[in-house]
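Residue-level listing of the chains:
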Amino acid sequence: MSAPAQPQPPVRRRLAARGLVQGVGCRPFIFRLASELGLAGWVRNHSAGVTIEVEGPPATLDAFVDKLVENFPVPGRLEELTTATVPATGEVGFRIVASEASGAALAWVLPDLALCPDCRRELLDPGDRRYGYAFLNCTHCGPRFTIIRDVPYDRAHTTMAAFALCDACRAEYEDPHDRRFHAQPTACAACGPRLSLAVATAADGLRAGRILAVKGLGGYHLAVDATNDAAVARLRERKQREARPLAVMVLDLAGARALGTVSDHEAELLASPAAPIVLLDRRADAPLAESVAPGQTTVGVLLAYTPLHVLLLRAVGRPLVMTSGNLSDEPIAHRDEDAAARLGGLADLFLAHDRPIERRCDDSVLRAWRGRTLFIRRSRGYAPAPLRLAPGGPSVLAVGGHQKNTFCLTRGSEAFLSHHVGDLENAAALAAFETGIADFERLFDLRPERLACDLHPDYLATRYAHQRAAREGLPLTEVQHHHAHIAACLADNERADEVLGLAFDGTGYGPDGTIWGGEALLADRRGYRRVARVRPFALAGGEAAVRQGWRVALDLARQAACDFEPGVDPAQASAVRQMLAGGFRCVTTSSAGRLFDGFSALCGVAAVSRYEGEAAVRLEGCAVDDGEALPFDVARVGELWELDWRPAVAAALQSHARGVSPAALAGRFHRGLAAAATRLCDELGAATVALGGGCWQNVRLLSLVVDGLSARGHEVLTHRRVSPNDGGLSWGQAACVLAE
Ligand code: ZN
Ligand code: ZN
Ligand code: FE
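All residue numbers refer to positions counted from 1 along the written sequence of the respective chain. Here every chain gets a letter starting at A, and every ligand a number starting at 1, in the order they are written. Whole-chain, interface and lining totals are the exception, using all residues; otherwise, since this is a predicted model, local features are given only for residues with pLDDT of at least 70 and side-chain atom pairs are given and counted only at 80 or more. The basis for the side-chain values is all heavy atoms of the structure; hydrogens and waters are excluded.

Moving on: the overall build of the protein chain. Helix and strand counts for the protein chain come out as 22 helices and 30 strands. The quantity called the radius of gyration is restricted to C-alpha atoms. Its globule counterpart is 2.2 Å times the number of residues to the power 0.38. Taking 2.2 N^0.38 as the reference for a compact globule, 740 residues should give roughly 27 Å; the C-alpha atoms of the protein chain span a radius of gyration of 28 Å, in line with that estimate. In terms of overall dimensions, the protein chain has C-alpha extents of about 95 × 65 × 60 Å along its principal axes. Three labels apply to residues, based on accessible area from a 1.4 Å probe with only protein chains included: buried if under 20% of the type maximum, exposed if over 50%, partly exposed otherwise in between. Burial statistics for the protein chain: of 740 residues in total, 60% are counted as buried. Relative to all contacts within the protein chain whose residues are 6 or more apart in sequence, the contacts with residues 24 or more apart total 72%. Here the protein chain carries 80 positive and 86 negative side-chain charges, and the mean point of each set is 1 Å from the other. Helix and strand assignments follow DSSP, with helices taken as H or I runs no shorter than four residues and strands as E runs no shorter than two, numbered in order from the N terminus. In what follows, residue pairs with any heavy atoms lying within 4.5 Å of each other are defined as contacts. Counting rule for charge: Lys and Arg are taken as positive, Asp and Glu as negative, and neither His nor the chain ends is counted. For the purpose of locating charges, the reference atoms are NZ of Lys, CZ of Arg, CG of Asp and CD of Glu.

Listed below in structure tokens is the structure:
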């Protein structure tokens, strides 16, 4: 007869959790989990994450770890969990230990989080004490990055410091069982921020077609009824935004489905804590004013992501255009005085409040592609969550490019890629760039030891880096634009080997003084060799040719020995023909992006771009695949391979003359270019191909090239966490420096 089983002696383990583990309700979750399992020990925040000690039977400890990993609270993210056995202490009960005193820098500064389902229920429940309160939040949701003034992340260091908790809120804040345990921005109507205008009044104004400036998480939006064409047109006129598509906010997924087709993946992205703008295929019967996204087959949609948005959308009962509160290319207004001054002439009404926004953060924009996130703009909801950037090393500040600027600051193998700064075209944008960098250095307590910038001598970001390098005696690395794009793609895939990089992009400075943008680079993170390019053509009048793609089309036709009538003022066309014939005021480029503009004009889709990239975007949007392809050649020209578009130009013009539709020609252009890119990779014998540059936002091109390359046995690397466009440039620059 066997003796009754002896209880196993308790074991104690110390767990270190790293990742997005602070400010997301992690400690109450661990407290509840340990208590349920009857384990003893404690949990506390420390500078690099969360430390847990648990004591109990080994099998129960294993169950604890399994549940911890499986059920880790969204929106947190457990990146790493290390375990060590330590001597048992006989401790009884589980507790939350106060954070280590001062000096405990926040592991990570969290991105802002969209209203969570629990808070949404309370907001709309007449029986709840926070019913209808526009600033409720909890540890699973609410502002973070945009209200933090200093670290560590606690209320005194946020813009909520001025609001003293009432007794009811304090009791929740101090109760480890409560969803609002240590929810730093928690508040209620009795103690928290207040609106400057009744939601009902704002909604009445919107329904009457008026323009509302509404204060959001990372800045002011300009809102207008998205079903009212006259109202949207007036907003465009006042904002000096002629044609660029406007994003539309809806109350919920049902609202999104009324505007566009929503796949499961798109639904997941829309409803995620980041609540980005997702580009959806627009429904033909979408109840939207034509002026919201003129000439577009897609529409950018986002869900109401703050309680204020939910109240407003419900009161209006219609989708709302939500565009950043600024004049054309200026940074979004986020301070109240600045908003009043800059938006006063644009808005009819203001819906503001007294919770200050510490730093601006634009909405993120992305596309769903084959179950992946394709970032067009990575900003609110994502920044400044760190991205792993191996191998790590000294702290690097990479300043990015000129358009869609972001900067990137590294700490070990973590990269803090900034929110969207924008085009560094004006003094306001440059100021936002400089204060943004200073802000990140303070927030993450970092002083860069290395600097990186673009090779272009005239970019304002480049000048900043040079001045700073001289002033502080820091080593500065200039990274060629397209090498940075390919390095970005490599780093995004955690790869360090040599690949063939296909940099299909707008424009970037080439070391030969010409403008590059359609390059094949044999590259790793340390260096590159250019092995192929798009056959060069002329930008007649320089920047003018970027806005007027028909100028590009004229040179493409000239080089292909074809006649092309661009359908513009004949005097202008003949002036450009003379420029091209004489080669004066012409800039030479191999840009794939500009090639799209040129073909957009040649195919009869768009002769001009009213905003950056319009002609190319419309060429993609209108394209219909009839299975045919324009014939591009791939040929060796001296040292380089060239992607020769001349036969494609001739074929496009002949087909156009025979009555083939612009949409079909657009489809054939994509197919032809993708086939040529695939052939080029074959010729160059590339095992692995990395796709970097703004053209890879074009999902038609991306799908064709990925399928073509995969079918022929090439491994293909595409972007996942960072944008392929210039928003990812600083990340690529940092990757290059860390590889040195
Ligand atoms: Zn919540
Ligand atoms: Zn309260
Ligand atoms: Fe670029």
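Ideal values differ by geometry: the angle at a metal is 109.5 degrees with four tetrahedral donors, but 90 or 180 degrees with six octahedral donors. Water is absent from the atoms considered, so a metal site may look incomplete; donors are defined as N, O and S atoms within 2.8 Å of the metal, or 3.2 Å for Na, K and Ca. At 2.3 Å from the zinc ion (ligand 1) lie its protein donor atoms, namely Cys116 (SG), Cys119 (SG), Cys138 (SG) and Cys141 (SG). Four donors are marked tetrahedral only if all angles between them lie between 85 and 135 degrees, whereas four are marked square planar and six octahedral if opposite donors are more than 155 degrees apart and the other angles lie between 65 and 115; the remainder are marked irregular. Geometry at the zinc ion (ligand 1) is tetrahedral, judged from its four donor atoms and the angles of 103 to 122° they form at the metal. The sequence pattern describing where the donors of the zinc ion (ligand 1) fall on their chain is C-x2-C-x18-C-x2-C. The pair formed by Cys116 and Cys119 is uniform in burial state, with each residue classed as buried.

Take the pattern of salt bridges next. Two side chains carrying opposite charge are able to pair once their charged atoms lie near each other. Salt bridge, as used here: a side-chain nitrogen of Lys or Arg that lies within 4 Å of a carboxyl oxygen of Asp or Glu. All chains considered together, the criterion is met by 57 salt bridges. Taking the shortest distance from any N to any O, the salt bridge between Glu620 and Arg367 comes out at 3.2 Å. With a gap of 253 residues between them, Glu620 in helix α18 (residues 614-622) and Arg367 in strand β14 (residues 365-369) connect regions that are remote in the sequence. Residues participating in the shared-partner salt-bridge network are Arg12, Arg14, Glu53, Glu55, Glu91 and Arg95.

Quick look at the packing of helix α15 (residues 549-559) against helix α16 (residues 570-582) now. Where α15 meets α16, the closest approach of the two axes is 10 Å, and the angle between their N-to-C directions is 50°. With respect to α16, the axis of α15 lies oblique. Between α15 and α16 lies a crossing of right-handed hand. Touching Trp550, Arg551, Leu554, Asp555 and Arg558 of α15 are Gln572, Ala573, Val576, Arg577, Met579 and Leu580, all from α16. By residue class, the composition of the contact of α15 with α16 is six nonpolar, one polar and four charged. Only C-alpha atoms enter the line fits that serve as axes; for helices the fit covers just the stretch in contact. Angles between N-to-C directions range over 0 to 180 degrees. Here the word oblique covers every angle except those under 35 degrees (roughly parallel), over 145 (roughly antiparallel) and from 65 to 115 (roughly perpendicular). Each crossing gets its handedness from the near helix: less than a right angle anticlockwise from the far helix is left-handed, clockwise is right-handed. Under this grouping Gly is polar, as are all residues other than the nonpolar Ala, Val, Leu, Ile, Met, Phe, Trp, Tyr, Cys and Pro and the charged Asp, Glu, Lys and Arg.

This part is about the sheet that holds strand β1 (residues 11-20). Being paired, for any two strands, means DSSP has found at least two bridges between them. Read across the open sheet, the five strands follow the order β4-β1-β3-β2-β5; overall the sheet is mixed. Only two strands of the sheet have a single neighbouring strand rather than two, namely β4 (77-86) and β5 (94-96). Taking the axes of each pair of neighbouring strands and ignoring which way they run, one obtains an average angle of 15° across the sheet. Where β1 meets β4, nine bridges bridge the pair, whose relative direction is antiparallel. In the sheet register, Ala17 faces β4, and the bridge partner there is Leu81. Relative to the sheet, helix α2 (residues 58-70) contacts β1, β3 (49-56) and β4, its axis offset from that of β1 by approximately 5°.

Okay, the layout of surface pockets next. A cavity here means a set of 1 Å grid points, computed over protein atoms only, where a 1.4 Å probe fits but cannot escape. A pocket is an open set with protein on both sides within 12 Å along at least 5 of 7 lines, and lining residues have an atom within 4 Å of a point. Grid points are joined across faces, edges and corners, and a volume is the space filled by probe spheres set on the points. Of the voids in this model, the second largest pocket is the one considered here, and its volume is about 590 Å³. At the level of secondary structure, the elements contributing two or more residues to the lining of the second largest pocket comprise β4, β15 (372-377) and β16 (387-388). Of the residues belonging to the lining of the second largest pocket, the class tally is 14 nonpolar, four polar and seven charged.

Moving on to the coordination of the iron ion (ligand 3). For the iron ion (ligand 3), the full set of protein donor atoms is His481 (NE2), His485 (NE2), Asp505 (OD), Asp505 (OD) and Asp726 (OD), and the range of their distances to it is 2.0 to 2.7 Å. One chain supplies every donor to the iron ion (ligand 3), and in sequence these donors are spaced H-x3-H-x19-D-x220-D. Residue His481 is located in helix α13 (residues 481-492), and its partner Asp505 is located in strand β22 (residues 499-509); the two are separated by 24 residues in the primary sequence. Each of the two residues, His481 as well as Asp505, counts as buried.

Here we take up unusual backbone geometry. Following Ala383, the chain continues to Pro384 via a peptide bond in cis, the omega torsion being 0°. On the secondary structure map, Pro384 appears in the loop between β15 and β16. Residue Pro391 follows Ala390 across a cis peptide bond; omega there is 5°. Among the secondary structure elements, Pro391 is positioned in the loop between β16 and β17 (396-398). Unlike most non-glycine residues, Gln240 shows phi in positive territory, near 55°. Along the chain, the position of Gln240 falls in the loop between α6 (229-239) and β8 (248-250). Of the residues examined, Gln240 reaches a relative accessible area of 54% and is grouped as exposed. The phi dihedral of Arg585 is positive, around 55°, even though this residue is not glycine.

These figures capture arrangement, not role.
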